[in-house]
Amino acid sequence: MAMTAQRPSWESYFMDITKLVAKRSTCLRRAVGAVIVKDKRILSTGYNGAPSGLRHCLEVGCLREQMKVASGERHELCRGIHAEQNAIIQAAFHGVSIRGATLFCTNLPCSICAKMLINAGIVQIIYLDGYADPISKELLTEAGVSMIRFAADIQEVNR
């Protein structure tokens, strides 16, 4: 009898895809990936980088580093769009509703992204690492958005 490989949980599967999406990032400081999922189907993806048609930080350098802006502060001082924002924009651009969906993200969203995700109807966020923006967790908690820090041994309830 042949041995079959252990299948990853749905959470592991989607988080692996999220990490792959992050590899498209053009940010010099942090590569972030985001995948929006509902009913075990990918609805949208996003990574952090400059808007379409604009030069990326890889080409022109990092505005935030030049201005010595600390991580988690002054989000508007950046050429790039956050991964979560790009995932929301891609869903809207293609007419895909993300209401009731889960966001898989390499980092917990910042407070600006948190507000956008709340209004977009995201109900759960599964993330790898934290982010230097304590207001984000407060907003998401107040809105009732479930936040789960991903662990390799996370178990799927509904296979």
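This write-up is about the structure you can find in this document. (Residues numbered from 1 in each chain as written. Predicted model: local features only at pLDDT ≥ 70, side-chain atom pairs only at ≥ 80, totals over all residues. Heavy atoms only, no water.)

## Observations concerning the pattern of salt bridges
Working step 1: The tally for this structure, following the rule as stated, stands at four salt bridges.
Working step 2: For R149, the salt bridge identified is with D129, shortest N-O distance 3.3 Å. In this pair, R149 is assigned in strand β5 (residues 146-149) and D129 in strand β4 (residues 124-129), connecting sequence segments 20 residues apart.
Working step 3: Judged by its relative accessible area of 40%, D129 is partly exposed. (Salt bridge = Lys/Arg side-chain N within 4 Å of Asp/Glu carboxyl O. Helix = DSSP H or I, 4+ residues; strand = E, 2+ residues; numbered from the N terminus. Buried < 20%, exposed > 50% of the residue type's maximum accessible area, 1.4 Å probe, protein only.)

## Concerning helix α4 (residues 83-93)
Working step 1: Taken together, the buried positions of α4 are A83, E84, Q85, N86, A87, I88 and A91.
Working step 2: A positive phi of about 70° marks G95, the residue just after α4.

## Some thoughts on unusual backbone geometry
What you tend to see is this: most non-glycine residues have negative phi, and most peptide bonds are trans.
Working step 1: Residues other than glycine seldom take positive phi values, yet D39 does so here, at roughly 55°.
Working step 2: Position of D39 among the secondary structure elements: in the loop between β1 (33-38) and β2 (41-47).
Working step 3: Positioned with a positive phi, K68 is a non-glycine residue whose angle comes to about 55°.
Working step 4: Considering the arrangement of structural elements, one finds K68 in the loop between α3 (63-66) and α4.

## Remarks on the state of the cysteines
Working step 1: If you walk through the whole model with that rule in mind, you get zero disulfides.
Working step 2: With no disulfide partner, C78 has as its closest neighbouring cysteine sulfur the one in C57, 5.4 Å distant.
Working step 3: The cysteine C110 is free of any disulfide, with C113 supplying the nearest cysteine sulfur at 3.7 Å.
Working step 4: Note on C110: relative accessible area 2%, which makes it buried. (Disulfide = S-S within 2.5 Å.)

## Here we look at the sheet that holds strand β3 (residues 102-107)
Working step 1: Taken together, the five strands give an open sheet; going across it, the order is β2-β1-β3-β4-β5, and neighbouring strands pair in mixed fashion. Each edge of the open sheet carries a strand with a single partner, namely β2 and β5. Direction aside, the axes of adjacent strands within the sheet are offset by 20° on average.
Working step 2: Where β4 and β5 come together, four bridges link them in parallel fashion. In the sheet register, I125 faces β5, and the bridge partner there is M147. (Pairing = 2+ DSSP bridges. Axes fitted to C-alpha atoms, helices over the stretch in contact; angles between N-to-C directions.)

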